[in-house]
Amino acid sequence: EGMRDSNVILAPSSSIDVPMDRGDAARSGVMPGPGIENGLESKWRFEAGRSNVSAPAVIGDTVFVTSGAEVGGGSENQGAIIAIDATTGSESWRFPTEQAAGTTPAIAHGIVFAGDTGGVLYALEAGTGQELWRTDLQSGWTSAPVICAWRGAWRSSAAR
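Residues numbered from 1 in each chain as written. Predicted model: local features only at pLDDT ≥ 70, side-chain atom pairs only at ≥ 80, totals over all residues. Heavy atoms only, no water.

Engineer: Which residues make up the environment of Ala 83, and what values go with them?
Structural biologist: Turning to its location among the elements, Ala 83 is positioned in strand E5 (residues 79-85). Once the C-alpha coordinates of Ala 83 and Gly 127 are considered, the two residues, 44 residues apart in sequence, prove to be 8.5 Å apart. Residues contacting Ala 83, with those up to four places away along its chain left out, are Thr 62, Val 63, Phe 64, Ser 90, Glu 91, Ser 92 and Trp 93. (Helix = DSSP H or I, 4+ residues; strand = E, 2+ residues; numbered from the N terminus. Contact = heavy atoms within 4.5 Å.)

Engineer: Summarise the sheet that holds strand E6 (residues 91-97); cite the residues concerned and give the values.
Structural biologist: Here we have 4 strands laid out as an open sheet, ordered E3-E4-E5-E6, and antiparallel in their pairing. Sheet topology places strand E3 (57-59) and E6 at the edges, where each strand pairs with a single neighbour. Going across the sheet, the axis of each strand differs from the next one's by a mean of 20°, ignoring polarity. Pairing analysis gives 6 bridges linking E5 to E6, with the strands arranged antiparallel. (Pairing = 2+ DSSP bridges. Axes fitted to C-alpha atoms, helices over the stretch in contact; angles between N-to-C directions.)

Engineer: Kindly report on the side chain of Thr 104, identifying the contributing residues and their values.
Structural biologist: Note that Thr 104 resides in the loop between E6 and strand E7 (106-108). Here Thr 104 falls in the buried class, since its relative accessible area comes to 5%. Side-chain polar atoms of Thr 104 contact the backbone oxygen of Ala 55, separated by 3.3 Å. Non-local contacts of Thr 104, meaning those with residues more than four positions away in its chain, are made with Met 20, Asp 21, Ser 54, Ala 55, Pro 56, Ala 57, Ala 144 and Pro 145. (Buried < 20%, exposed > 50% of the residue type's maximum accessible area, 1.4 Å probe, protein only. Polar contact = N/O pair within 3.5 Å; in protein donor to acceptor, adjacent residues only side chain to side chain.)

Right, dumping it as structure tokens:
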């Protein structure tokens with residue numbers, strides 16, 4: 001479900017989802033939904049961190065971002081992966097990363113993938129923020145992850 005050519009790219013699961021940076025694994029930059037009509041009105045504001053807040057990824061009614069430096073706590077280098085309720089702007093959960101983060105997370109199959117500036121890639125349960133696993137890519141800074149399907153399976157890759 002949601003795959004193009006049965007083994008290449010995971011597409012958004014609904015007409016308004018933006019599961020990763022620039023919209024999809026092809027980095028097409030095409031955003032779903034209707035265009036802007038009658039101007040814009042701010043519904044809420046959320047302070048995610050002191051620096052380097054990522055572009056959002058959106059699945060259903062949840063917005064996912066990463067932040068470079070934590071607000072009011074943690075070490076100076078610590079960042080976070082954050083889930084925000086898209087309707088209210090309230091924080092659903094916040095997961096501290098070892099180092100600053102700031103690249104757009106990617107979401108697939110209920111898992112949030114995001115990296116930090118120390119080269120660690122995290123996999124978190126999208127609904128709760130519970131850590132499923134992490135791996136050190138031994139690369140320093142990680143880019144925004146891309147989720148790709150391949151021959152009926154899926155995997156995550158983070159460019160160095």
